[in-house]
Amino acid sequence: MKADHKNSDNKDIALVSIPGLSIKMDKKADFVQLKAHGPLRKACAPFLKKINQRLKEEKPALVDDDKVIASTWLPPIPSKAFNRLLLAETQIALGRYIPETVSFEITRNCKCNCEHCVVSGGEGDLDIETIKQAIDDVLDMGAMVIVFTEGDPMLREDIYELIDYVDKERAIVNMYTPGTEMTPENARRLKEAGLHNLLVSIYSTETEKHDAVRRLDGAFDIATNAMRMGLDAGLLVTMATHVSPKNIDELPAMYQLARDIGVHEFSLWESVPKKKDDPIISDGDRKKVLEMYHRINSTKGGPRIFANTYFEGEMLGCMAGQRWMHVCVDGLVKGCPYIPFHYGNIQDSSIKDIWTKIRKDKAFRGQRRTCLMQEKEYLQLVDKIPEDASKPYDIDKIQA
């Protein structure tokens, strides 16, 4: 990744300096590279090697005058939030796992009615003070990516206040929306509140297919227009999709749509089964995703691709319960959005204690190359959830 912006002649920009470790960004060569020094350098060496390889081989989402955004899922380089990522990875290398990404369901309200929606059962949303306290707590724990999601965060009137509340020196803020509430004015307000990245999902380049998934007439035009309005407001914008056996061959057309709109990144997430007989993408499908990932990201022009097939497969492994924690709309906490078990409620327990409980679950130990919900053994555990039970289900009732 060439450092071709105005400050490219700067050398050795200090990113992290703590006892035993200093990390600097070297920009004197053609490529941005991170270098570690000190007794703790070996602890963070594997992660730095992976980051440096990506920085050298892949185009970034954005190169600005004073920063590089390698992916919309990562804090800018340099930034205090990115420094926190480096420190977190050093801690993880030493066996102290940190929830780097924390996603929050902040409302049940949505004008779409998607079958795949993972929002919790029940009624009501968390009040803003409870969410703010949880944000403070996870930032204190080391989080540097906050995601607002499910159903449509823009249907919550205080979304701008919540985005603004997150300390931008500690974390970036991403937000998913189907786009039904997007206007040029609302896009501007998101930008002013400090939103890092706007994510809008597309399920097909065929209008009717996308609308059918959303179960909302006009959903395709709403989504594409929302992305354009976000770009016009100066936001980072990501077009996202779930990769399934049904749409694997449509990915090239979807990428072309992302390119035509002008988004910064095309984000690919493997579809997740809800029970053991649900179809999942094959190893052959994964090879297609990885081939596209490497080919597109090594080619100039157009948006880069983020693929959890690579990021959570070859690079870091499944993040659930290791680098990721998910807070449901009713305060229940899971290892990630897709796991149907909860480990406590932030209205009853501290989120730090809940994270400790998550980390004690052996399901979240070791580096896993595929999603936990794609493993037959784990899905057998999922099948123990009573059919009439609300999800997420109390893990203690399964493991008792």
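Further up the page is the structure itself.
Report on the accompanying structure. Sequence order as written defines residue numbering, which begins from 1 separately in each chain. Local features in this predicted model are restricted to residues whose pLDDT is 70 or higher, and side-chain atom pairs enter the listing and the counts only when it is 80 or higher, whereas totals over whole chains, interfaces and linings include all residues. Based on all heavy atoms of the structure, the side-chain values leave hydrogens and waters out of the count.

Notes on the pairing of strand E8 (residues 172-176)
Successive residues of a regular strand alternate their side chains across the two faces of the sheet.
Here is step 1 of the chain: Counting buried positions along E8 yields five of five residues, so the element is predominantly enclosed.
Here is step 2 of the chain: Here's how the labels work: a residue is buried when its accessible area is under 20% of the maximum for its type, exposed when over 50%, partly exposed in between, all with a 1.4 Å probe on protein chains only. Each helix corresponds to a stretch of at least 4 residues labelled H or I by DSSP, and each strand to a stretch of at least 2 residues labelled E; elements are numbered beginning at the N terminus. The side-chain alternation of E8 yields two buried faces, one formed by Ile 172, Asn 174 and Tyr 176 and the other by Val 173 and Met 175.
Here is step 3 of the chain: A pair of strands counts as paired when DSSP detects no fewer than two bridges linking them. Where strand E7 (residues 145-149) and E8 come together, four bridges link them in parallel fashion. Residue pairing across strands places Phe 148 opposite Met 175, the latter belonging to E8.
Here is step 4 of the chain: In this view, the connection linking E7 to its parallel neighbour E8 by way of helix H4 (residues 159-165) has right-handed handedness. Every crossover in which the path from the first strand over the helix to the second runs clockwise, viewed with the strands pointing away from the viewer, is termed right-handed.

Some remarks on helix H9 (residues 283-297)
Here is step 1 of the chain: Helix span, as expected, comes to 1.5 Å for every residue beyond the first. A rise of 1.5 Å per residue sets the reference length of H9, with its 15 residues, at 21 Å; its end C-alpha atoms lie 21 Å apart and thus fit the reference within 8%.
Here is step 2 of the chain: Along H9, the residues classified as buried are Asp 285, Arg 286, Val 289, Leu 290, Met 292, Tyr 293, Ile 296 and Asn 297. Down the axis of H9, the buried set is contained in an arc of 160 degrees. They therefore lie on one face. Counted as exposed and oriented over 90 degrees from the buried face of H9: Asp 283 and Lys 287.
Here is step 3 of the chain: The contact rule is simple, with two residues in contact once any of their heavy atoms fall within 4.5 Å. Contact partners of the buried residues in H9: helix H1 (41-57), strand E10 (236-243), helix H8 (251-261), strand E11 (265-270), strand E12 (304-307) and helix H10 (308-315). When we speak of the arc, we mean the arc of directions from the helix axis to the C-beta atoms.

Re the sheet that holds strand E3 (residues 33-37)
Here is step 1 of the chain: Spatially, E1-E2-E3 is the arrangement adopted by the three strands of the open sheet, whose pairing is antiparallel. Both edges of this open sheet fall to strand E1 (13-18) and E3, since each of them pairs with a single strand only. Neighbour-to-neighbour, the strand axes of this sheet turn through a mean angle of 15 degrees, independent of strand direction.
Here is step 2 of the chain: Sheet analysis places E1 next to strand E2 (residues 21-26), joined by five bridges and oriented antiparallel. Bridged to Ser 17 within E2 is Ser 22.
Here is step 3 of the chain: Structural elements are reduced to axes, namely lines fitted to C-alpha atoms, with helices fitted over the stretch in contact, and the angle between N-to-C directions of any two is expressed from 0 to 180 degrees. Strands in contact with H1 are E2 and E3; relative to E3, the strand with the most contacts, it is inclined by about 170 degrees.
Here is step 4 of the chain: Contacts between helix H2 (residues 80-93) and the sheet are confined to E1, E2 and E3, with E1 contributing the most and set at about 45 degrees to the helix.

Structural notes on the nonpolar core
Within soluble globular proteins, side chains that are nonpolar generally end up buried alongside one another.
Here is step 1 of the chain: What makes a nonpolar core is a set of buried Ala, Val, Leu, Ile, Met, Phe, Trp, Tyr and Cys residues whose side-chain atoms join them at distances within 4.5 Å. Core analysis: the biggest nonpolar cluster contains 121 residues, and Ile 23, Leu 34, Phe 104, Phe 148, Leu 190 and Phe 341 have the highest contact counts within it.
Here is step 2 of the chain: Sorting elements by how many residues they give to this core places helix H3 (residues 128-141) first, with seven residues.
Here is step 3 of the chain: All domain edges in this entry derive from an automatic or database-based domain assignment. When residues of this core are sorted by domain, at least three fall in each of domain 1 (11-94) and domain 2 (101-394).

Examining the packing of aromatic side chains
In this description, a pair of aromatic rings is defined by centroid distance and the angle of the planes.
Here is step 1 of the chain: Ring pairs are drawn from Phe, Tyr and Trp, using the six-membered ring of Trp, whenever the two centres fall within 6.5 Å, and their geometry is named by plane angle: stacked under 30 degrees, edge-to-face over 60, tilted for the rest. Under the counting rule described, the total for this entry stands at eleven aromatic pairs.
Here is step 2 of the chain: An angle of 45 degrees between the planes, with centres 6.3 Å apart, marks the rings of Trp 73 and Tyr 176 as tilted. Of this pair, Trp 73 sits in the loop between strand E5 (68-69) and H2 while Tyr 176 is found in strand E8, placing the two residues 103 residues apart along the sequence.
Here is step 3 of the chain: What makes Trp 73 buried here is its relative accessible area of 11%.
Here is step 4 of the chain: Residue classification places Tyr 176 among the buried positions, given a relative accessible area of 19%.
Here is step 5 of the chain: Plain terms: the ring middles of Trp 73 and Trp 269 are 5.5 Å apart, the flat faces sit at 80 degrees to each other, and that makes the pair edge-to-face.

Geometric descriptors of this kind do not, in isolation, establish any biological role.
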